[in-house]
Amino acid sequence: MEKVDYDVRLHAVYDAGRRMSAEATRTWMAAFARHLPSPRPLTWLDLGSGSGRMTPSLATAFGGPAFGVEPSARMRTQAIARAGHPAVTYVAGSAEGIPLPAASCDAALLFFVWHHVADRAAAARELRRVVKPGGKLFVQVNFADLMPDVWWFRAVPEWREVDAALPTLGDGPQNETSTLLVFEA
Ligand SMILES: C[S@@+](CC[C@H](N)C(=O)[O-])C[C@H]1O[C@@H](n2cnc3c(N)ncnc32)[C@H](O)[C@@H]1O
């Protein structure tokens, strides 16, 4: 299967294609806050941070440092140029090799990232290592069986295979196309 080429093409158009409104961003931050303890600051890992769509908001909303870990050099370049924040650091790395010390994060986010992760067992070990005991892991995913027949599947058929790696909803409620999974470390 061809890997999705964030380094070759997508970095240039990702921001425009996936822009999130301020209201939607606030809604996501409030959803995360509902699962987190009230003392601040909280340290975040934004794993697969891409062009930094969520990372500065995590730092602002939770008052602490946020580390955006991202394998694509060009997505990181976009993030540094367009989503800078005094408490945010963007670093090279991947789910399989997170360049942060053990127990260094109160919370970790994978926002539309899990389906790209090739070695999920290694990723789970790394997340277990860097998230503090009692900390939270948030995984935002679409459901493979509820993906609409979007235009980009026709433009690049290989991406249909990438999205087939998403979890399936099966017999669950059919009115949701995505979900936020929350785990405690
Ligand atoms: C759909 S984008 C999501 C980016 C960002 N989380 C957002 O919501 O805007 C998927 C990102 O995951 C990154 N990625 C791909 N494989 C990865 C891996 N093994 N570990 C961490 N990130 C990965 C890609 O480079 C890309 O930036």
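This structure is a prediction, so every number in the text was calculated from the model and none was measured. (Residues numbered from 1 in each chain as written. Predicted model: local features only at pLDDT ≥ 70, side-chain atom pairs only at ≥ 80, totals over all residues. Heavy atoms only, no water.)

Asks: I'd like a description of the site of the ligand, backed by residues and values.
Replies: Around the ligand sit 18 residues, and of these G48, R53, E70, A95 and F111 come closest. Taking A95, its main chain carries an N or O atom lying 2.9 Å from a nitrogen atom of the ligand. Separating a nitrogen atom of the ligand from a backbone N or O atom of F111 is a distance of 2.9 Å. Notes on the ligand: free accessible area 590 Å², of which the protein chains cover 95%. (Near = heavy atom within 4 Å. Polar contact = N/O pair within 3.5 Å; in protein donor to acceptor, adjacent residues only side chain to side chain. Areas by Shrake-Rupley, 256 points an atom, 1.4 Å probe, with all protein chains shown as cover.)

Asks: Give a detailed account of the side chain of R76, specifying residues and quantitative values.
Replies: As for its position among the elements, R76 is in helix α4 (residues 73-82). Buried charge R76 goes without a salt bridge, the closest partner of opposite sign being E70 at 5.9 Å. A distance of 2.7 Å separates a polar atom in the side chain of R76 from the backbone oxygen of E70. (Helix = DSSP H or I, 4+ residues; strand = E, 2+ residues; numbered from the N terminus. Buried < 20%, exposed > 50% of the residue type's maximum accessible area, 1.4 Å probe, protein only. Lys, Arg positive; Asp, Glu negative; His and termini not counted. Salt bridge = Lys/Arg side-chain N within 4 Å of Asp/Glu carboxyl O.)

Asks: Describe in detail the nonpolar core, supporting the description with residues and values.
Replies: What tends to happen in soluble globular proteins is that the nonpolar side chains get buried as a cluster. In terms of nonpolar packing, the biggest core is built from 19 residues, with F32, L36, W44, L58, F62 and L109 touching the most fellow members. Where this core is concerned, the elements lending two or more residues are α2 (22-33), α3 (55-62), β3 (88-92) and β4 (105-111). The residues touching L109, leaving out its near neighbours within four places in the chain, are F32, W44, L45, D46, L47, M54, L58 and F138. Counting residues in hydrophobic clusters, the runner-up holds 18 residues, among them L47, L110, L127 and V131. (Core = buried A, V, L, I, M, F, W, Y, C linked by side-chain atoms within 4.5 Å. Contact = heavy atoms within 4.5 Å.)

Asks: For the packing of α2 against α3, give the residues involved together with the corresponding values.
Replies: Between α2 and α3, the shortest axis-to-axis distance is 10 Å and the interhelical angle comes to 55°. Compared by their axis directions, α2 and α3 come out oblique. Crossing geometry of α2 relative to α3 is assigned as right-handed. Residues T25, M29, F32 and A33 of α2 lie in contact with α3, whose contacting residues are S57, L58, A61 and F62. The residue inventory of the contact of α2 with α3, partitioned by class, reads 6 nonpolar, 2 polar and no charged. (Axes fitted to C-alpha atoms, helices over the stretch in contact; angles between N-to-C directions. Parallel < 35°, antiparallel > 145°, perpendicular 65-115°, else oblique. Left-handed = near helix turned anticlockwise from the far one by under 90°. Nonpolar A, V, L, I, M, F, W, Y, C, P; charged D, E, K, R; others polar.)

Asks: An account of the packing of aromatic side chains is needed here, citing residue identities and associated values.
Replies: Evaluated as defined, the whole model comprises 7 aromatic pairs. On the basis of an interplanar angle of 90° and a centroid distance of 4.9 Å, the ring pair of W28 and F111 is categorised as edge-to-face. Highlighted residues: W28 in helix α2 and F111 in strand β4, separated in sequence by 83 residues. Relative to W44, the ring of F32 lies with its centre 5.6 Å away and its plane at 45°, an arrangement referred to as tilted. (Phe/Tyr/Trp six-rings, centres within 6.5 Å; stacked < 30°, edge-to-face > 60°.)

Asks: Which residues make up the side chain of S72, and what are the values?
Replies: In this fold, S72 is placed in the loop between β2 (66-70) and α4. Classification of S72 as buried rests on a relative accessible area of 5%. Among all residues touching S72, those that are not within four sequence positions of it are Y6 and D7.

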